[in-house]
Amino acid sequence: MTHAISCQTLDVDLAGRRILCGLSFHIPEGSIVAVLGPNGAGKSTFFRTLLGLTPVTRGALSLFGQPVRRGRADIGYLPQTRSMIGPRLTGRAHIMATLEGNRWGLASKKRSTEELEAVLQELNATDLADRPFGTLSGGERQRLMLAQAMLGHPRLLLLDEPLASLDPGRMREVAELTGNLVRARGITALISAHDINPLIGIVDRVLYLAGGHARIGTPDEILTAPVLSRLYGTPVDVFHAPSGQIFVAPGREA
Amino acid sequence: MLAFEFMRQAFLASALVGLLAGMIGWFLVLRGQSFAGHALSHIGFAGATAALWAGMPPLAGLLIAATAGGMGMSLNNARHGDRDIAIGLTLSLAMGCGSLFLYLLHGPASTATALLFGNVFGINQQTLQILAGTVLAGLIGLGTIGRPLLFASLQPELAEARGVPVQLVSTCFMAMAGLATAICTEVTGVLLVFTLMIGPGATALRLGLNPVTGLCTSAILAIAEAWGGLTISWYTDAPVSFCIAALSAAIFGLTTLFRRRG
């Protein structure tokens, strides 16, 4: 079986600081993975390394059996920074600018493509695409940027904090839309998040990053007190609510 | 009005300048670099006065200094607040250098006035040819980097990930912004480049037009405002720069009102 992502004793340094340290794991093609961990644990750095934007310091990192390189067309990416440039341009104009935007030439006169319209329809975002980008809510904008990431038939989708700053109802909605879309196409997806709960039932694996180290497995394997305590290097408790929700909290010394 | 050679030259020059300034200006406003565009004209002023002092044509100094200034500015990766300060200080320093060269030059006050407020009625055949060449170069440049420039402006992280050479595109754009600012100075003067560089672009963006339509609208607006200013100036005897500035501000203001109502 081919692995979508394969790390072998991977180290990544950023400005002289070790961000990721000795990562070794494989992610099979078609998995949907929640990338969890505290701020600064290296979630965005891991994504940028996969995109070839941050160099591998030591070890090996390959995508679909090939070493990572910049500008791969088969990766769909949703960056974390929500820039608000061009708030009066329509969502469709924003998406069209990303399409073929890596080729030289004058701005494209095309208003849309069949592929874009199909994805927009699936995301229930056709009407949103005609409104000025700046007037949309966070969740609506996220749906449009998700459509953008889906264009060009990607094999791997990297979604950096797609649920950040959404209200709880929207979080679940965006998470479910994403899950359905990705599963129907057999795309491998990495979704970074602060909280596993909106992603429960959608992801089949958890990649937990803390202190430069990583653990990967099913949510039940990873989100346990012993595993997280070892990863954080400090006691951590994991509580399961009757609703199925999972909460991670600082633990007390036994 | 068009019976006079100098008026025909002025209309032709404004059309050329408006075409490039309108398009470059649309991108400057989109990218939030209006202030940088304004500073470019001041750097150009220092270049123009230095050229005069060295016995060269001022337009040459303008073009060289503004283009180099633009490229230098694009390499400054400071945070937004720090960048504003750096631009402001560069702008003042450039104006200071300009006044120093004017002093060393012992030139007439009209030289400074022409540079600061424009001298569109004094454009000769040779200047017109330089303007045409610059506009052609600018349009070819924009035709080459237009698509990646729009992508990198709207979604910088995504563009980088897709393999767009973001820094190179940005440097090329700022060099072109330098060219546009330099030739814009011929019509509106150093102090009023905002009127043709920023006014039309801001209006087109405010109308919510799509990129290609917006770019064209911005260029048409810039030409229309320049021509309107020339016409008003002809009949009222008011300075051209004032007329263009007033028209540019009025049209932007009207768009704002229209958008509020609509």
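The rules we used
Residues numbered from 1 in each chain as written. Chains lettered and ligands numbered in written order. Predicted model: local features only at pLDDT ≥ 70, side-chain atom pairs only at ≥ 80, totals over all residues. Contact = placed C-beta atoms within 7 Å. Helix = DSSP H or I, 4+ residues; strand = E, 2+ residues; numbered from the N terminus. Nonpolar A, V, L, I, M, F, W, Y, C, P; charged D, E, K, R; others polar. Pairing = 2+ DSSP bridges. Axes fitted to C-alpha atoms, helices over the stretch in contact; angles between N-to-C directions. Buried ≥ 20, exposed ≤ 12 C-beta atoms within 10 Å, placed from the backbone. Parallel < 35°, antiparallel > 145°, perpendicular 65-115°, else oblique. Left-handed = near helix turned anticlockwise from the far one by under 90°. Core = buried A, V, L, I, M, F, W, Y, C linked by C-beta atoms within 7 Å. Domains from an automatic or database assignment.

A closer look at the interface of chain A and chain B
No. 1: Across the contact, 28 residues belong to chain A and 27 residues belong to chain B.
No. 2: Take the side of chain A that touches chain B: its biggest share by element is four residues, from helix α2 (residues 91-98) of chain A.
No. 3: Of the residues belonging to the side of chain A that touches chain B, the class tally is 12 nonpolar, 11 polar and five charged.

Quick word on the sheet that holds strand β3 (residues 32-36) of chain A
Residues and elements named next belong to chain A.
No. 1: Read from one edge of the open sheet, six strands run β6-β7-β8-β3-β9-β10, paired in mixed fashion. On the outer flanks of this sheet lie β6 (75-78) and β10 (213-217), each paired with one strand and no other. Taken over all neighbouring pairs, the strand axes of this sheet differ in orientation by 15 degrees on average, direction set aside.
No. 2: Pairing of β6 with strand β7 (residues 156-159), which is carried by four bridges, proceeds in the parallel orientation. In the strand pairing of β7, leucine 78 is matched with leucine 159.
No. 3: Along the sheet, helix α5 (residues 168-185) makes contact with β3, β7 and β8 (188-192), crossing β3 at roughly 135 degrees.

Brief notes about the environment of serine 6 of chain A
Residues and elements named next belong to chain A.
No. 1: Locating serine 6 in the fold gives a position in strand β1 (residues 3-14).
No. 2: Overall, the presence of 20 C-beta atoms within 10 Å leaves serine 6 in the buried class.
No. 3: Expressed as a C-alpha distance, the spacing of serine 6 and proline 28, which sit 22 residues apart in the sequence, is 8.6 Å.
No. 4: Setting aside residues up to four positions removed in sequence, serine 6 forms contacts with His26 and Ser62.

Brief notes about the packing of helix α2 (residues 34-53) of chain B against helix α3 (residues 58-74) of chain B
Residue and element names in this part refer to chain B.
No. 1: Running from N to C, α2 and α3 cross one another at 140 degrees; their axes reach a closest spacing of 7 Å. Regarding the angle of α2 to α3, the classification is oblique. For α2 against α3, the interelement crossing comes out right-handed. Between α2 and α3, the residues in contact are Ala36, Leu40, Ser41, Ile43, Gly44, Ala46, Gly47, Ala48, Ala50, Ala51 and Leu52 and Pro58, Ala60, Gly61, Leu62, Ile64, Ala65, Ala66, Gly69, Gly70 and Met73, respectively.

Thoughts on the nonpolar core
No. 1: Ranked by size, the top nonpolar core spans 157 residues in total, and within it Ala147 and Leu158 of chain A together with Val17, Ile24, Ala180, Leu196 and Met197 of chain B carry the most contacts.
No. 2: The leading source of residues in this core is helix α1 (residues 5-30) of chain B, at 14 residues.
No. 3: Three or more residues apiece are contributed to this core by two domains, here domain 1 (1-74 + 156-168 + 192-254) and domain 2 (78-152) of chain A.

Digging into the pairing of β1 of chain A
Residues and elements named next belong to chain A.
No. 1: Of the strand pairs in this sheet, β1 and strand β2 (residues 17-28) are connected by eight bridges, and their pairing is antiparallel. When the bridges of β2 are listed, leucine 10 appears paired with leucine 23.
No. 2: Hairpin connection between β1 and β2: a loop of two residues separates the two successive antiparallel strands, and alanine 15 in this loop has a positive phi of roughly 50 degrees.
No. 3: Pairing analysis gives five bridges linking β1 to strand β4 (residues 58-63), with the strands arranged antiparallel. Bridge pairing links cysteine 7 to leucine 61 in β4.

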